[in-house]
Amino acid sequence: MTSDTQPEITGDTAPVGFQKHDHKTCVAAGLSAAENRCKEEGLRLTPVRRRVLEMLLQEHRALGAYAILDRLREEGFGSQPPVAYRALDFLAQNGFVHKIERLNAFVACSHPGASHSPAFMICRKCEAVAEAQSTPAKGVLGAAARAAGFEIERTVVEAEGLCPDCTEKA
């Protein structure tokens, strides 16, 4: 079942991560959004949580918990795995980061605070990750779920391929 109509990709729904942009503004905006939301909802954005989010915002690629822990250790935040895992759990539960299942790693959310179903495009060469909006409940998966009487609560959509930079180099 395919559709002749394709969703329009606009600035708000364009994949974030592969396109050229002002990266300093991107990181600052992500941190500001997290700080504001934590303040509004009475959440604690501890120095470790803030630093982990900042690391992920700076990368635009997924980082594993142990890579994050190594960086935290170098910066004097602690060397025990729970330090990284607790920060990542908080950030994921509150929608500031997403887990990339295929890589068993985490990436900063490109649309923090927005209710959305992200889809991830993962470059198999450089491991850059771009986040796009997805609407699986409206597509073929949604139709199959409705036919089976199944209610979709969460989806993980991950596609592997080559990013624009790696495609040009190939």
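Below: a short report on this structure.

Thresholds applied
- Residues numbered from 1 in each chain as written.
- Predicted model: local features only at pLDDT ≥ 70, side-chain atom pairs only at ≥ 80, totals over all residues.
- Heavy atoms only, no water.
- Phe/Tyr/Trp six-rings, centres within 6.5 Å; stacked < 30°, edge-to-face > 60°.
- Helix = DSSP H or I, 4+ residues; strand = E, 2+ residues; numbered from the N terminus.
- Buried < 20%, exposed > 50% of the residue type's maximum accessible area, 1.4 Å probe, protein only.
- Lys NZ or Arg CZ within 6 Å of the ring centre and 35° of its normal.
- Axes fitted to C-alpha atoms, helices over the stretch in contact; angles between N-to-C directions.
- Left-handed = near helix turned anticlockwise from the far one by under 90°.
- Contact = heavy atoms within 4.5 Å.
- Nonpolar A, V, L, I, M, F, W, Y, C, P; charged D, E, K, R; others polar.

So, on to the packing of aromatic side chains. Taken as a whole and judged by the stated rule, the model has two aromatic pairs. Their ring planes at 80° and their centres at 6.3 Å tell us that Tyr66 and Tyr85 sit as a pair that is edge-to-face. Taken together, the residues Tyr66 in helix 3 (residues 65–74) and Tyr85 in helix 4 (residues 81–93) connect sequence positions 19 residues apart. Judged by relative accessible area, which is 36%, Tyr85 ranks as partly exposed. Over the ring of Phe90 we find Arg49, and its NZ or CZ is 3.8 Å from the ring centre.

Two quantities define a packed helix pair, namely the angle between the axes and the distance from one axis to the other. Running from N to C, helix 1 (residues 23–41) and helix 2 (residues 47–59) point in directions that differ by 150°, and their axes come no closer than 9 Å. The hand of the helix 1/helix 2 crossing is right-handed. For the pair helix 1 and helix 2, contact is made by His23, Val27, Gly30, Leu31, Ala34 and Glu35 and by Arg50, Leu53, Glu54, Leu57, Gln58 and Glu59, respectively. Among the residues making up the contact of helix 1 with helix 2, the classes are represented as five nonpolar, three polar and four charged.

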